[in-house]
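Breakdown of the fold
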Amino acid sequence: MRWVRFLVRPFTRKPTVVISQSDTLSRIFLTSRNLYTQVAETCCLGDGVQLDDFCKLGPNTVVGANSKIGRFTEIGSDCHIGSFVRLDSHVLVDSNTMIGDHCTVYPFAVLGYRPQDKKYKGEQTGLEIGSRCQIRENVKIERGTSFRNKTVIGNDVLLMSNVYVGHDSWLHDHVTVANNVSIAGHVELHPYCVIGGHSALHQFVRIGQGAMIGGKTIVVFQVESLQKPRGMAAIRRDVPPFCLVTGTPPRIRCLNYHQVWKKVTHHKHRKWMKQSFDYLFDSDDVSSIHQRAQHLLSQCSLSKDVSAIARYVIQEMCTFILSCHSSVRGLLTLVHNR
């Protein structure tokens, strides 16, 4: 038996490069310390920026102070990265992308790349991400098209692993999207809404403020001694504010008590809200839901014995229902049998 001896050299990683604008020789210093980092001449770096090995920064890109760019991370041209931003390893940021302050982007995220839309002809569009956002692993967010010119992500948004956000979508502030959710193009998520895992949102769908979409589960039923999975339904219609949607096919179950009961604590006010919800979605009245919403909206201003927050919740729900006349998808009105 022959033995082959390999020469093993210890791996010594180079220290992270820290850039300071006050140093006039910062770019020469960067080249001498890390030969694998590529920074365009027109790139502007703030004080205390940390650049790791093999990262690449395109022309006319601005990186704010005290931000950190991880290994193998590539940032395109004309991008604006805020202060105290952390881009972990293997993050791809395409051109015309703006990321606010105090954001964290985890590995293998793809931000602002060309949309999967046949109508897109290479026009100048972009992606805007607000402040204090958490973008987890394998998240993909497309840039906009000529329809809205940009995709917008608000402040304090949490996108968990494997989330896909289509072109021209608008996610307002404090939105939470769980794992493996697919959001098609032109979707609008209002503030404080929660999208459960494995959900799918159709194009042009609107999710109202404070609404919650329950996670989609595969329902197994038995046919001729064989177990076959039933397909998971997507959200194809607008969801009113402060409603909880569950089931396959998706149906409105009740108020989103997790959001509402935090602010409405009096039993009398809660009872009034439940009665208003039942009148809108589970009433034997022969009138349409739009007529009931208009009637209830006029009654809210006369209800002085309930709190302002309770009236606000019902008014937002009625206003959203009345605005669905101009909606592309219509309103989700299916309710679970009580």
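Structural notes, computed from the coordinates. (Residues numbered from 1 in each chain as written. Predicted model: local features only at pLDDT ≥ 70, side-chain atom pairs only at ≥ 80, totals over all residues. Heavy atoms only, no water.)

So, about the overall build of the protein. For the protein, the helix and strand inventory stands at five helices and 32 strands. Burial statistics for the protein: of 338 residues in total, 46% are counted as buried. As displayed, the protein offers around 17900 Å² of accessible surface, 52% of which is attributable to carbon and sulfur atoms. (Helix = DSSP H or I, 4+ residues; strand = E, 2+ residues; numbered from the N terminus. Buried < 20%, exposed > 50% of the residue type's maximum accessible area, 1.4 Å probe, protein only. Areas by Shrake-Rupley, 256 points an atom, 1.4 Å probe, with all protein chains shown as cover.)

To continue, consider the sheet that holds strand S15 (residues 126-129). Read from one edge to the other, the open sheet built from nine strands follows the order S3-S6-S9-S12-S15-S18-S21-S24-S27, with strand pairing classed as parallel. The open sheet has two free edges, formed respectively by strand S3 (44-45) and strand S27 (206-207), since each of these has just one partner strand. (Pairing = 2+ DSSP bridges.)

Attention now moves to the layout of surface pockets. Looking at the largest pocket, its volume works out to about 160 Å³. Looking at the largest pocket, the residues that line it are Phe147, Arg148, His186, Glu188, Phe204, Arg206, Asp238, Ser323, Ser326, Ser327 and Val328. The class makeup of the residues in the lining of the largest pocket is three nonpolar, four polar and four charged. (1 Å grid on protein atoms, 1.4 Å probe; cavity = no way out; pocket = protein on both sides within 12 Å on 5 of 7 lines; lining within 4 Å. Points joined across faces, edges and corners; volume = space filled by probe spheres on them. Nonpolar A, V, L, I, M, F, W, Y, C, P; charged D, E, K, R; others polar.)

Before going further, it helps to examine helix H5 (residues 308-322). An α-helical turn contains 3.6 residues, so any two residues separated by three or four positions project in the same direction. For H5, which comprises 15 residues, the first-to-last C-alpha distance of 21 Å matches the rise-based estimate of 21 Å (1.5 Å per residue) to within 8%. Restricting attention to buried positions, one finds in H5 the residues Ala310, Val313, Ile314, Met317, Cys318, Phe320 and Ile321. For H5, the arc enclosing every buried residue in end-on projection is 165 degrees, short of the 170-degree limit, so these residues lie on one face. Contact partners of the buried residues in H5: S27, strand S31 (243-246), strand S32 (251-255), helix H3 (267-281) and helix H4 (289-300). (Expected span 1.5 Å × (residues − 1). Arc of directions from axis to C-beta. Contact = heavy atoms within 4.5 Å.)

Here we take up the environment of Val181. Note on placement: Val181 falls in the loop between strand S22 (176-177) and strand S23 (182-183). Through-space distance from the C-alpha of Val181 to that of Val165 is 8.5 Å; in sequence the pair is 16 residues apart. What Val181 contacts, discounting residues up to four positions off in sequence, is Asn162, Val163, Tyr164, Ile195, Gly196, Gly197, His198 and Ser199.

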